[in-house]
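Breakdown of the fold
Letter by letter, the chains look like this.
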Amino acid sequence: MPKVLISDKMSPLAEQVFKERGLDVDYKPGLDKDELAAIIAKYDGLAVRSSTKVTPKILDAAKNLKVIGRAGIGVDNIDVAAATNSGVVVMNTPFGNSITTAEHALAMLMALARQIPQANASTHEGKWEKSKFMGVELTGKTLGLIGCGNIGSIVAERALGLRMKVLAYDPYLSVERAADLGVTKVDLDELLSRADFITLHTPLTDQTRGLIGKQAFARMKDGVRIVNCARGGLVDEAALLEALDGGKVAGAALDVFAEEPATANPLFGHERVICTPHLGAATTEAQVNVARQVAEQMADFLLTGGVMNALNMPSLSAEEAPRLKPYMALADEIGSFAGQLTETGLKRVVVEYEGHVAGLNTKPLTAAILCGLLSPLMDSVNMVNAPVIAKERNIDLTEVSHDREGDYHTLIRLTVETEKRTRTVSGTLFSNQAPRLVEVNGVRLEAELAPHMLYVVNDDKPGFIGALGSLLGQNGVNIATFALGRREEGEEAVALVAVDDALRDIVLDQVAALAHVRQVKRLSF
Ligand SMILES: NC(=O)C1=CN([C@@H]2O[C@H](COP(=O)(O)OP(=O)(O)OC[C@H]3O[C@@H](n4cnc5c(N)ncnc54)[C@H](O)[C@@H]3O)[C@@H](O)[C@H]2O)C=CC1
Ligand SMILES: O=C(O)CCC(=O)C(=O)O
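Residues numbered from 1 in each chain as written. Chains lettered and ligands numbered in written order. Predicted model: local features only at pLDDT ≥ 70, side-chain atom pairs only at ≥ 80, totals over all residues.

You'll find the protein chain entered in an unreviewed UniProt entry as D-3-phosphoglycerate dehydrogenase, with Eilatimonas milleporae given as the organism. Regarding the protein chain, the relevant UniProt record gives this comment under Sequence similarities (unreviewed entry): "Belongs to the D-isomer specific 2-hydroxyacid dehydrogenase family." The UniProt entry for the protein chain carries this comment under Pathway (unreviewed entry): "Amino-acid biosynthesis; L-serine biosynthesis; L-serine from 3-phospho-D-glycerate: step 1/3." (UniProt positions renumbered as here; feature names shortened; annotations may be inferred.)

With antiparallel pairing, 4 strands are arranged side by side in an open sheet as β20-β21-β19-β22. Pairing within the sheet leaves two strands with one partner each, and these edge strands are β20 (479-486) and β22 (517-524). Going across the sheet, the axis of each strand differs from the next one's by a mean of 15 degrees, ignoring polarity. Where β20 meets strand β21 (residues 492-499), 7 bridges bridge the pair, whose relative direction is antiparallel. Its bridge partner lying in β21, G485 is registered against V494. Against the sheet, helix α17 (residues 505-513) engages β19 (452-459) and β22, with an angle of about 155 degrees to β22. (Pairing = 2+ DSSP bridges. Helix = DSSP H or I, 4+ residues; strand = E, 2+ residues; numbered from the N terminus. Axes fitted to C-alpha atoms, helices over the stretch in contact; angles between N-to-C directions. Contact = placed C-beta atoms within 7 Å.)

Quick look at the site of ligand 2 now. Residues in close proximity to ligand 2 include R49, S50, G72, I73, G74, N97, H278, G280, A281 and A282, which together make up its full environment. Partitioning the shell around ligand 2 into residue classes produces 3 nonpolar, 6 polar and 1 charged. (Near = placed C-beta within 6 Å. Nonpolar A, V, L, I, M, F, W, Y, C, P; charged D, E, K, R; others polar.)

Turning next to the sheet that holds strand β3 (residues 45-48). The strands making up a sheet associate through backbone hydrogen bonding, with each pair oriented either parallel or antiparallel. If you walk across this open sheet you meet the 5 strands as β2-β1-β3-β4-β5, and the pairing is parallel. Looking at strand neighbours, the two that pair on one side only are β2 (24-27) and β5 (89-92), the edges of this open sheet. Each adjacent strand pair in this sheet contributes to an overall mean axis angle of 15 degrees, direction not counted. Judged from the 3 bridges that link them, strand β1 (residues 3-6) and β3 form a sheet pairing that is parallel.

Turning our eyes to something else, we now look at the site of ligand 1. Near ligand 1 there are 32 residues, and of these G74, G149, Y172, P203 and G280 occur at the shortest range. No other element matches the 3 residues that helix α7 (residues 150-161) contributes to the shell around ligand 1. By residue class, the composition of the shell around ligand 1 is 14 nonpolar, 15 polar and 3 charged. The residue makeup of the shell around ligand 1 includes at least three contributed by each of domain 1 (3-95 + 285-304) and domain 2 (98-275). (Domains from an automatic or database assignment.)

Below, the structure is given as structure tokens:
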């Protein structure tokens with residue numbers, strides 16, 4: 001049974017769901033990196049929030065890990081590229097805490113406008129500082145949203161309800177979506193120069209790190225107020241301190257910090273800075289949502305192969321996974337067949353889906369074909385990293401779906417172009433279950449692939465099949481199945497012979513020496 005580790009504080013619902021689905025689960029929040037590295041090899045799945053840092057070192061130690069689930073949105077604590085290289089699926093829960101986080105951003109906005117935390121502390125101290133805490137109204141003010149995805153959009157809708165004007169800077173926001181939301185799409189410069197309040201809702205990436213720094217502050221209105229409930233690294237904290245002290249920024253509300261847990265920070269103690277300890281997602285509702293969702297998604301993946309909300313793999317629902325299973329086997333066999341025959345550099349791969357399969361989710365099938373194709377050529381290839389490896393190697397990949405049915409009600413055809421030649425392999429499913437190869441390089445045949453196989457290309461001449469059968473018999477090789485096909489009478493023919501044991505080199509040499517043989521290859525599946 002797959003084994004899962006929960007390495008961050010998480011709602012008990014996650015553990016409960018894993019158990020209900022029949023998985024073994026250990027709940028060990030607060031492990032340090034060495035403790036995690038020491039035990040991670042035991043686990044198939046790792047469920048985290050933001051405290052666990054999933055580094056290449058952890059992934060190297062994670063010999064059995066198949067999936068990392070983030071109970072939340074941001075995955076900047078996970079080295080997704082390294083996980084992909086290790087063939088580990090990374091999934092998050094993109095919607096479970098978005099309302100909660102948007103509400104926290106709005107709470108921060110209001111707290112900032114009315115200095116509620118400062119006024120609260122002062123009142124508790126018995127001071128009655130009515131004139132000190134003069135606030136500003138939100139109505140009629142301009143809110144600048146940086147990042148208008150799930151959370152940004154919710155903030156926008158709520159802010160419009162508060163009668164604010166909303167500008168959004170998000171290069172990936174369409175004009176239509178902006179219009180639907182009732183926000184004005186602007187560029188960053190315009191947002192910075194017009195906004196009274198700025199709130200950040202982008203992921204932390206190489207592009208967004210330090211987005212709000214010295215230059216950005218210089219372009220802002222005097223007296224601007226900043227809310228950051230996304231990631232600390234988006235705002236340059238030293239530049240923010242300078243902008244606060246210089247009077248450019250009237251106040252900042254921060255839920256997130258460059259270094260977390262943040263126990264010391266240059267902004268702590270500043271009278272116009274409000275802080276919360278990364279509480280954006282901290283409501284009962286959000287934590288129940290993300291815990292349940294991450295556990296269900298990880299269990300689906302480990303038990304059925306279903307993939308939801310993965311960042312490094314195409315989606316495949318738990319309902320689709322069993323339907324796609326025989327096709328995955330076929331795709332892997334077709335890819336592997338072509339890969340084992342490939343001897344020079346791959347240039348181009350075309351995958352065609354015809355008939356029934358064309359109506360299915362073909363993305364995972366293409367990943368399985370690439371995995372099968374690349375596996376004989378290099379180590380450590382799997383469905384997660386095969387598309388990335390193909391891209392890195394400049395292999396041109398084309399996928400085509402034809403709704404029409406040809407001779408078969410369902411067919412996958414793979415065309416592989418190498419530096420020297422182009423090869424095609426096609427396969428179908430018999431009775432919707434059993435993979436069969438039905439074409440190799442334009443030669444029709446019908447072959448079931450087996451663990452040990454002999455592939456022979458020869459001239460179609462009388463007596464050849466008998467000679468091949470006798471030679472195998474003389475060497476004690478027992479034939480399980482024998483599939484034959486030829487292009488035209490007397491032209492190129494292909495034999496695919498399943499045998500009971502691995503073929504010895506000496507037998508291959510003897511087959512190669514038979515008259516009319518063009519190519520001989522030992523294949524294994
Ligand atoms: N404080 C907290 O507890 C929480 C923080 N978060 C943070 O909030 C972030 C946003 O979450 P969602 O809205 O759910 O993500 P999302 O993916 O739905 O939206 C992010 C938006 O940022 C935009 N974007 C990307 N690069 C950009 C750039 N260079 N400039 C401007 N916009 C850019 C994207 O186009 C997208 O629309 C997460 O990545 C996470 O880091 C999320 C949940 C809780
Ligand atoms: O798990 C948490 O408390 C943080 C949530 C968060 O930052 C996220 O979902 O990106």
